[in-house]
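Chain by chain, the residues run as shown.
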Amino acid sequence: MEKMPKWADVVLIPVISLILAALLSALVILAIGENPVEAVNLMVTGALGSTYGWGYTLYYATNFMFTGLAVAVAFHARMFNIGGEGQAMLGGLGVAIACLYVPWPHWSLALLAACAASMIFGAAWAAIPAYLQAKRGSHIVITTIMFNFIAAAFLNYMLVNVMRPQGSMDPATARFPEAVQLPTFQSMFSTAENVVFRGAPANISFFVAIVACVIVWALIWRTRLGYEIRSYGKTETGAVYAGISPVRITIIAMLISGGLAGMMAINNVMGEAERLVLNSTEGAGFIGIAVALMGRSHPFGVFLAAILFGFLYQGGAELALWTSIPRELIVVIQALVILFTGALDNMVRMPLEKIFLNLRKGAE
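The paragraphs below set out a description of the structure included in this document. The model shown is predicted, which means the values in this text are computed figures rather than measured ones.

A few words now on the overall build of the protein chain. From N to C terminus, the protein chain includes 16 helices and 0 strands. By the compact-globule yardstick of 21 Å for 364 residues, the protein chain fits well, its C-alpha radius of gyration being 21 Å. Seen through its principal axes, the protein chain has C-alpha atoms that stretch 75 × 60 × 35 Å. Evaluated residue by residue, the protein chain yields a buried proportion of 49% over its 364 residues. Counting only contacts in the protein chain whose residues sit at least 6 apart along the sequence, the fraction spanning at least 24 positions is 76%. When the accessible surface of the protein chain is summed, it comes to about 17000 Å², and 67% of that surface belongs to carbon and sulfur atoms. One finds the centroid of the 20 positive side-chain charges in the protein chain at a distance of 13 Å from the centroid of its 18 negative side-chain charges.

Counting across every chain of the model gives 5 salt bridges. Between E274 and R175 there is a salt bridge whose closest N-O contact spans 3.5 Å. Separated by 99 residues along the polypeptide, E274 in the loop between helix 12 (265-273) and helix 13 (284-294) and R175 in the loop between helix 6 (140-162) and helix 7 (185-189) bring together distant segments of the chain. Ionic contacts of the salt-bridge type, sharing partners, join the residues R224, E228 and R248 into one network.

Scanning the entire structure with this criterion turns up 15 aromatic pairs. On the basis of an interplanar angle of 70° and a centroid distance of 5.2 Å, the ring pair of F64 and Y313 is categorised as edge-to-face. Of the two residues, F64 sits in helix 3 (residues 51-76) while Y313 sits in helix 14 (residues 299-322), which places them 249 residues apart along the sequence. Exposure class is identical for F64 and Y313. Each is buried. Put simply, the rings of Y52, Y56, Y59, Y60, F64 and Y313 pair up and form one aromatic cluster. Looking at R78, its charged tip hangs above the ring of Y232, at a distance of 5.8 Å from the centre.

Turning our eyes to something else, we now look at the packing of helix 3 against helix 12. Two elements in contact, helix 3 and helix 12, have axes separated by 8 Å at closest approach and are oriented at 150°. Here helix 12 runs roughly antiparallel to helix 3, going by the angle between their axes. Taking contact as the criterion, the partners of Y59, T62, N63 and F66 in helix 3 are, on helix 12, I266, N267, N268 and E272. When its residues are assigned to classes, the contact of helix 3 with helix 12 shows 3 nonpolar, 4 polar and 1 charged.

What follows is about the packing of helix 3 against helix 14. Helix packing for two helices is described by the angle between their axes and how far apart those axes are. The interhelical angle for the contact between helix 3 and helix 14, taken along N-to-C directions, is 135°, at an axis separation of 7 Å. Regarding the angle of helix 3 to helix 14, the classification is oblique. Regarding helix 3 and helix 14, the two cross each other, and that crossing is right-handed. Contacts between helix 3 and helix 14 pair Y52, G53, Y56, T57, L58, Y60, A61, F64, M65, G68, L69 and A72 from the former with P299, V302, F303, A306, I307, F309, G310, F311, Y313 and Q314 from the latter.

What follows deals with the environment of I333. Mapping I333 onto the fold places it in helix 15 (residues 327-343). For I333, a relative accessible area of 9% gives the class buried. Between the C-alpha atoms of I333 and V28, which are 305 residues apart in sequence, the distance is 8.5 Å. If near-sequence neighbours (up to four positions away) are discounted, I333 is found in contact with S25 and I29.

Let's shift gears to the environment of A114. Inspection of the secondary structure assignment puts A114 in helix 5 (residues 107-136). With relative accessibility at 0%, the residue A114 sits in the buried group. Taking the C-alpha atoms as reference, A114 lies 9.9 Å from L93; in sequence the two are 21 residues apart. Those residues in contact with A114 that sit more than four places away from it in its chain are V95, A98, I266 and M270.

Attention now moves to unusual backbone geometry. Positive phi, close to 60°, is recorded for N279, a residue that is not glycine. Among the structural elements, N279 can be located in the loop between helix 12 and helix 13. Positive phi values are uncommon outside glycine, yet R296 reaches one of about 55°. Relative to the helices and strands, R296 is located in the loop between helix 13 and helix 14.

Along the polypeptide, V195 turns up in the loop between helix 7 and helix 8 (205-222). It is 32 Å that separates the C-alpha atoms of V195 and L69, two residues lying 126 residues apart in sequence. Beyond its immediate sequence surroundings of up to four residues, V195 is in contact with Q186 and S190.

Calculation notes
- Counting starts from 1 at the beginning of each chain's written sequence and moves along it residue by residue.
- This being a predicted model, a pLDDT of at least 70 is required before a residue's local features are given, and a value of 80 or more before pairs of side-chain atoms are given or counted; all residues contribute to the totals for chains, interfaces and linings.
- The basis for the side-chain values is all heavy atoms of the structure; hydrogens and waters are excluded.
- Here a strand is any run of E in DSSP of at least two residues, a helix any run of H or I of at least four, and the numbering for each starts at the N terminus.
- This radius of gyration counts C-alpha atoms alone. The globule rule is 2.2 Å times how many residues there are, raised to the power 0.38.
- Burial classification: accessible surface area is computed with a 1.4 Å probe over protein chains only, and a residue below 20% of its type maximum counts as buried, one above 50% as exposed, and the rest as partly exposed.
- Pairs of residues are marked as contacts when any of their non-hydrogen atoms sit within 4.5 Å.
- Accessible surface is estimated by sampling points in the Shrake-Rupley manner with a 1.4 Å probe; for residues, cover comes only from the protein chains shown.
- His is not counted, nor are the chain ends, whereas Lys and Arg count as positive and Asp and Glu as negative.
- Charge coordinates come from a single atom per side chain, which is NZ of Lys, CZ of Arg, CG of Asp or CD of Glu.
- Only one rule defines a salt bridge in this text: a Lys or Arg side-chain nitrogen within 4 Å of an Asp or Glu carboxyl oxygen.
- Any two rings among Phe, Tyr and Trp, with Trp reduced to its six-membered ring, count as a pair given centres within 6.5 Å; such a pair is stacked if its planes are under 30 degrees apart, edge-to-face if over 60, and tilted if neither.
- Only lysine NZ and arginine CZ atoms are considered, and such an atom sits over a ring when it is within 6 Å of the ring centre and within 35 degrees of the ring normal.
- Axes here refer to lines fitted to C-alpha atoms; in helices the fit is confined to the stretch in contact. Angles between the N-to-C directions go from 0 to 180 degrees.
- Should an angle fall under 35 degrees it is called roughly parallel, over 145 degrees roughly antiparallel, and 65 to 115 degrees roughly perpendicular, with every other angle called oblique.
- Side-chain classes are defined by residue name, with Ala, Val, Leu, Ile, Met, Phe, Trp, Tyr, Cys and Pro counting as nonpolar, Asp, Glu, Lys and Arg as charged, and the others, Gly among them, as polar.
- The crossing is said to be left-handed when, going from far helix to near helix, the turn is anticlockwise and less than a right angle, and right-handed when the turn is clockwise.

What follows is the structure, given as structure tokens:
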């Protein structure tokens, strides 16, 4: 018998964790002499009060959806993929190669090719840690962390020595051709009389991320492979007894995870920067861990958590711009949300389990 209802695990625990994080953040803001109510109002207005704010919120959320899905798939196979950052970097390299060296006649074809290239490069970068875990017993956390640094160094070499345009001092590729530039929300939803999302980087990749959420949901809960991944994640001994190969599941789950992380590049590289630059991932690979934890590794939960963290990123940027709250403190607030929704999950879960257990005993 479950210790608490499913709805409490999925909804109540994250909501209480968010409230606790908000209260502690309010105390921190008060301690530096700012008004927390005004700060929250500024965050909401800056992130959600205009189409411009929504454009940035959804742009960040798109990145977090891809990396959150990547971590979630690995979680289902009982693996902690911390290499989303490096896999997204290599996914960006795949996007740059697909967009720069093939003369695409239309952005739709280029988008399909960029999705495939980013998935292949991201999956390839995840394949080595997956093999080391499956065949050599190396811990996936250690190897994926190391591969983040290797990816950063490799990308730096490629941008400085191989792909940088001649005469340019900027460690970045040339700008992608106009034919492969993705439609932005501004171009998609504006009219001659009403321009919306002006200057915001949100683009059609947001809808690709939603499709990815649906596909991952179908994969994990509606296919035999998804059942095998979940079975292996629940109990390796039982999965082996049922004929499921740990090596196969480990490698396949990590390939899917790396491919999803790599797909983030279609948003930040192809959609926003329209070229490959250093540090284009901006930590989104690590935020994906918190998104997956908060979303309970379910694609719909990942979608909602990604929107929340998109709000925190854009709202935090507005706070840093219009108040005396330093940018570092905004990072602290974001970290508190991650702390309470992820690392301190049991602090909320255990008292709730006791409450529901007592309620059940009382009803009997």
